[in-house]
Protein chains: 2
Amino acid sequence: MTTSFPMNAGDGLYSYSKNSHLQKEIIDGAKEMVRDAIIRKLDIKTILSSSNTLRITELGCSVGPNTFSSMQHIVEALKDKYLYQDQVIKSTNNIPEFQIFFNDHVTNDFNALFRSLPIDRSYYAFGAPGSFHDRLFPSRSIHFAHSASAIHWLSKIPKDLLDKKSPAWNKGLIHYVGASNIEVVNAYVAQFEKDMEMFFKARAEEIVPGGMMVFISPFSCYIRLMGFFGSSLMDLVNEGKLDESLVDSFNLPMYFPSPQDMTKVVEKNGCFSIEMMELRYTKSKLVDEVDAKTLMINLRASLEGLLINHFGSKIAEEACARTILKSEEISAWMKVNYEKPSIIFAALKRK
Amino acid sequence: MTTSFPMNAGDGLYSYSKNSHLQKEIIDGAKEMVRDAIIRKLDIKTILSSSNTLRITELGCSVGPNTFSSMQHIVEALKDKYLYQDQVIKSTNNIPEFQIFFNDHVTNDFNALFRSLPIDRSYYAFGAPGSFHDRLFPSRSIHFAHSASAIHWLSKIPKDLLDKKSPAWNKGLIHYVGASNIEVVNAYVAQFEKDMEMFFKARAEEIVPGGMMVFISPFSCYIRLMGFFGSSLMDLVNEGKLDESLVDSFNLPMYFPSPQDMTKVVEKNGCFSIEMMELRYTKSKLVDEVDAKTLMINLRASLEGLLINHFGSKIAEEACARTILKSEEISAWMKVNYEKPSIIFAALKRK
């Protein structure tokens, strides 16, 4: 069993559904690349040879609305690819049907997801509950897999980070960002590689030959923003409001892979070819307008559940509020360091 | 859009998940018949000719645990059928995989369903949100459909029942049970037939040729028990605690089909052959032990949401409590009338 870290549920003030602009920006920035991968790289003739239904999955869908926008975009690109392909299998009587599997942990708010499914959708919608580090689907049943802002979530915290006797003990920090101890970084990398080994083993079974898998993962400044939550917690320690050992025993279960990290895990698995792999700067209106506050409120929707779970709701609330108060400081830091949000885009094909 | 009437959510005192013994008994009573239909009537060679995955759906699954027990039973029967068939397609390297789609309205508590999925299940589990009166699945994608205690739920209340000027106005009653006015019964039958027309049209598209659909539907004394809730409401009217017009404007959206009703709608659709159709008395321990109280608490888990929605929670609570107080009267009535719970079992095959 892997541990799950769901986004804030429902549709309240700090819910993920109302505060996922950051994830939206990541997805919007990658939309043209997803379309490009489908139009240029997908052999739709091969994957439609055994079925008239195209089966798509969103791995780590959370509660919407971003996932609906991504899926609609993919369906449209696949339809266009189908319509403009050569005439051999095309037949107006035989336009493919689309089946979409929304995957996330069983602790995800699927009720909210289902209740907000677009009425005018042109696909059959399903929930696929479970960890994407395990098997989710029957063998060779998926034609296209999409995962946005999800694979950086680790299945668990590397246990050495919490062990005082380990060289990887991560004292005073909540992440590898800002850690001067290379053993901390190594422990995160090792967990990421272990998780991805499970992930690719499962997907290699599930995706049809010629089927495609696309990743969009945040990189660069998104990572560094995590550090500001850690410094808010340390402020509370310094003011005597929080016991330092509680910070020592907390680590964010996220590793943000580089293109090199991604290439390594794909090649180790051996079942997928890398069709595209890019580090791309998003045209971030959020950052251009120096709206670090929005960014931090967005991150809060992702992190608050984790913080509450470990520190209790009072400390979590205060740490979040203090981090958001640092928005100006964060904006200034981003400007000085010319930090722009960037994403990794990868398109793989099942051999 | 059809209206949905979900069972009581969660796992509290009057939740469906804790109070579905009645439904469990109906399912248990039919288990051997389901197995018999699979072993004797299903041509597994044909349905496995184009896919090594058997796709099963539970139509109207609610929140469990009954649905998990039914699905496990069906998977086991299908495995046995596969293992004892002739050797032509059998291969030990090629045991089929099972994919199960749990269907119910989007208002169903899928979160509870997913969180209670059996850990040791031998199938891939999915949620299929939506009304089974509409399309749910791609064309020819389902091999086996199962529906227990679900098709008696109408998509809406026949509007003539609420119209004072209509001959079908159902004054003072909440169901067709006990109605002396034949127009009331006819309005219910007409709605059932309209719903089943939609239902069978959708299933005829979705189920593969040779695929099977099995229904288990409550009949006989279960229907009459509904009347006791109506009489509790009328008691409240007679005591001046409830306005009679509120009772007049409430009708239970359920029609319990007879084998003749089922045969008629199947034949009208024309795409399915009737392989088995039986009215079967269940060996009801509940009724043998004259435990009418348990029966009524079970019905409460199904009906309470409807009552609250129309009458408000105070009246709903009182009507339910009063009905349960009538358990002895109900037991006596059942004994005098030799009323035994019975079910309709039907197994159909897609032509």
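Refer to the structure printed above.
Residues numbered from 1 in each chain as written. Chains lettered and ligands numbered in written order. Predicted model: local features only at pLDDT ≥ 70, side-chain atom pairs only at ≥ 80, totals over all residues. Heavy atoms only, no water.

1. Things to note about the relation of the copies chain A and chain B
So, step 1. With an RMSD of 0.0 Å, the fit of chain A onto chain B corresponds to turning through 180° and sliding 0.0 Å along the axis. Both copies are brought into coincidence by an operation consistent with a two-fold rotation axis. Among all residues of chain A, the one whose C-alpha sits closest to the rotation axis is A:Gly127, at a distance of 2.3 Å. (Least-squares fit on C-alpha atoms with pLDDT ≥ 70 in both.)

2. Regarding the interface of chain A and chain B
So, step 1. Of the residues lining the interface, 24 residues belong to chain A; the matching set on chain B comes to 24 residues.
So, step 2. In this assembly, chain A packs against chain B so that about 2,200 Å² is buried in total across both faces, 58% of it on carbon and sulfur atoms.
So, step 3. The largest per-residue losses of area from chain A upon contact with chain B belong to A:Phe114, A:Tyr124 and A:Pro138, which jointly make up 25% of the total buried on that side.
So, step 4. At the surface where chain A touches chain B, the tally comes to 2 salt bridges.
So, step 5. A:Arg135 is the partner of B:Glu97 in a salt bridge, and the nearest nitrogen-oxygen pair spans 3.4 Å.
So, step 6. Counting every contact that joins chain A to chain B gives 18 residue pairs in polar contact (both at pLDDT 80 or more).
So, step 7. Contributions of two or more residues to the side of chain A that touches chain B are made by strand E2 (97-104), helix H4 (110-115) and strand E3 (124-129) of chain A.
So, step 8. For the side of chain A that touches chain B, the leading source of residues is E3(A), giving 6 residues.
So, step 9. Here the residues of the side of chain A that touches chain B are counted per class, giving 13 nonpolar, 7 polar and 4 charged. (Contact = heavy atoms within 4.5 Å. Buried area = accessible area lost by both parts, 1.4 Å probe. Salt bridge = Lys/Arg side-chain N within 4 Å of Asp/Glu carboxyl O. Polar contact = N/O pair within 3.5 Å; in protein donor to acceptor, adjacent residues only side chain to side chain. Helix = DSSP H or I, 4+ residues; strand = E, 2+ residues; numbered from the N terminus. Nonpolar A, V, L, I, M, F, W, Y, C, P; charged D, E, K, R; others polar.)

3. Re the nonpolar core
So, step 1. Residues A:Phe200 and B:Phe200 are the most contacted members of the largest nonpolar core, which totals 139 residues.
So, step 2. Setting aside chain neighbours within four positions, we find B:Phe200 in contact with B:Met213, B:Phe215, B:Val265, B:Val266, B:Asn269, B:Phe272 and B:Leu348.
So, step 3. Residues A:Leu42, A:Tyr123, A:Ala125 and B:Leu54 belong to the second largest nonpolar core, which totals 80 residues. (Core = buried A, V, L, I, M, F, W, Y, C linked by side-chain atoms within 4.5 Å. Buried < 20%, exposed > 50% of the residue type's maximum accessible area, 1.4 Å probe, protein only.)

4. Describing the environment of A:Phe192
All names here are of chain A.
So, step 1. Tracing the backbone through its elements, the reader meets Phe-192 in helix H5 (residues 182-206).
So, step 2. Sequence separation of Phe-192 and Ser-313 is 121 residues, and the distance between their C-alpha atoms is 29 Å.
So, step 3. Among all residues touching Phe-192, those that are not within four sequence positions of it are Ile-151, Leu-154, Tyr-255, Pro-257, Asp-261, Met-262 and Val-265.

5. Concerning the layout of surface pockets
So, step 1. A volume near 820 Å³ is recorded for the largest pocket.
So, step 2. As for the largest pocket, its lining consists of 29 residues, of which A:Ser50, A:Ser51, A:Arg55, B:Ser50 and B:Ser51 are closest to the centre.
So, step 3. Elements with a minimum of two residues in the lining of the largest pocket: helix H2 (44-47), strand E1 (53-59) and strand E5 (207-220) of chain A together with strand E1 (53-59) and strand E5 (207-220) of chain B.
So, step 4. Classifying every residue of the lining of the largest pocket gives 5 nonpolar, 18 polar and 6 charged. (1 Å grid on protein atoms, 1.4 Å probe; cavity = no way out; pocket = protein on both sides within 12 Å on 5 of 7 lines; lining within 4 Å. Points joined across faces, edges and corners; volume = space filled by probe spheres on them.)

6. Here we look at a nonpolar patch on the surface
Residue and element names in this part refer to chain A.
So, step 1. Together, Leu-83, Tyr-84 and Ile-95 line one region of the surface with nonpolar side chains, adding up to about 350 Å² of accessible area.
So, step 2. Mapping Leu-83 onto the fold places it in helix H3 (residues 66-83).
So, step 3. Residue class for Leu-83 comes out partly exposed when judged on its relative accessible area of 38%. (Patch = residues over 30% accessible without salt bridge, like charges linked within 9 Å, V, L, I, M, F, W, Y side chains within 5 Å. Areas by Shrake-Rupley, 256 points an atom, 1.4 Å probe, with all protein chains shown as cover.)

7. Brief notes about the packing of aromatic side chains
So, step 1. Within the structure shown, the criterion is met by 36 aromatic pairs over all chains.
So, step 2. With a centroid separation of 6.3 Å and an interplanar angle of 50°, the aromatic rings of A:Phe102 and A:Tyr123 are classed as tilted. Taken as a pair, A:Phe102 in strand E2 and A:Tyr123 in the loop between H4 and E3 lie far apart in primary sequence, 21 residues in all.
So, step 3. We classify A:Tyr123 as buried; its relative accessible area is 5%.
So, step 4. Members of the aromatic cluster, each reached through a chain of ring pairs, are A:Phe101, A:Phe126, A:Phe137, B:Phe101, B:Phe126 and B:Phe137.
So, step 5. A cation over a ring is seen here: A:Arg350 above A:Phe272, with NZ or CZ 5.9 Å from the ring centre. (Phe/Tyr/Trp six-rings, centres within 6.5 Å; stacked < 30°, edge-to-face > 60°. Lys NZ or Arg CZ within 6 Å of the ring centre and 35° of its normal.)

8. What about the packing of H5(A) against helix H8 (residues 259-269) of chain A?
Residue and element names in this part refer to chain A.
So, step 1. Where H5 contacts H8, the axes come no closer than 9 Å and their chain directions differ by 50°. Our classification of the angle between H5 and H8 gives oblique. In the packing of H5 onto H8, the handedness of the crossing is right-handed. Where H5 approaches H8, its residues Phe-192, Glu-193, Met-196, Glu-197, Phe-200, Lys-201 and Ala-204 are matched on the opposing element by Asp-261, Met-262, Lys-264, Val-265, Val-266, Lys-268 and Asn-269.
So, step 2. Grouping the constituent residues of the contact of H5 with H8 by class yields 7 nonpolar, 1 polar and 6 charged. (Axes fitted to C-alpha atoms, helices over the stretch in contact; angles between N-to-C directions. Parallel < 35°, antiparallel > 145°, perpendicular 65-115°, else oblique. Left-handed = near helix turned anticlockwise from the far one by under 90°.)

9. Considering helix H11 (residues 313-325) of chain B
So, step 1. End to end, H11(B) covers 18 Å across 13 residues, agreeing with the expected 18 Å (1.5 Å per residue, within 8%).
So, step 2. When H11(B) is considered as a whole, its buried residues turn out to be B:Ile315, B:Ala316, B:Ala319, B:Cys320, B:Arg322, B:Thr323 and B:Ile324. (Expected span 1.5 Å × (residues − 1).)

10. Examining the pairing of strand E3 (residues 124-129) of chain B
Residues and elements named next belong to chain B.
So, step 1. Burial within E3 is extensive, with 6 of its 6 residues counted as buried.
So, step 2. Every second residue of E3 is oriented toward a common face, with Tyr-124, Phe-126 and Ala-128 on one face and Ala-125, Gly-127 and Pro-129 on the other, all of them buried.
So, step 3. Here strand E2 (residues 97-104) runs beside E3; their pairing, made up of 6 bridges, is parallel. Along E3, the bridge assignment pairs Phe-102 with Gly-127.
So, step 4. At this point the chain moves from E2, through helix H4 (residues 110-115), to the parallel E3, and the crossover so formed is right-handed. (Pairing = 2+ DSSP bridges. Right-handed = clockwise from strand over helix to strand, strands pointing away.)

11. Let's talk about the side chain of B:Ser51
So, step 1. As for its placement among the helices and strands, B:Ser51 is situated in the loop between helix H2 (44-47) and E1.
So, step 2. In this structure the side chain of B:Ser51 is engaged in a polar contact, spanning 2.9 Å, whose partner is the backbone oxygen of B:Thr53.

12. A look at the packing of H11(B) against helix H12 (residues 327-336) of chain B
Residues and elements named next belong to chain B.
So, step 1. Contact geometry for H11 and H12: axes closest at 5 Å, N-to-C directions at 50°. Our classification of the angle between H11 and H12 gives oblique. Between H11, through Thr-323, Ile-324 and Leu-325, and H12, the contact on the second element is made entirely by Ser-327, Glu-328 and Ile-330.

13. Regarding the pattern of salt bridges
So, step 1. A full pass over the atoms with the stated rule returns 31 salt bridges over all chains.
So, step 2. Its salt-bridge partner being A:Lys241, residue A:Glu318 comes within 3.7 Å of it at the nearest N-O pair. Taken as a pair, A:Glu318 in helix H11 (residues 313-325) and A:Lys241 in the loop between helix H6 (221-238) and helix H7 (244-248) lie far apart in primary sequence, 77 residues in all.
So, step 3. With its nearest N and O atoms 3.2 Å apart, the salt bridge here joins A:Arg322 to A:Glu318. Here A:Arg322 and its partner A:Glu318 are both found in helix H11, 4 residues apart, which amounts to about one turn of the helix.
So, step 4. On the accessibility criterion, A:Arg322 (18% relative accessible area) is buried.
So, step 5. Taking relative accessible area as the criterion, A:Glu318 reaches 28% and is therefore assigned partly exposed.
So, step 6. Residues joined in a network through salt bridges with shared partners are A:Glu97, B:Arg135, B:Arg203 and B:Glu206.

14. Here's the deal with the environment of A:Ala179
So, step 1. Examined against the element boundaries, A:Ala179 turns out to sit in the loop between strand E4 (142-148) and H5.
So, step 2. Between the C-alpha atom of A:Ala179 and that of A:Gly227, which follows or precedes it by 48 residues, the distance is 9.8 Å.

No statement about biological role is implied by the geometric values presented.
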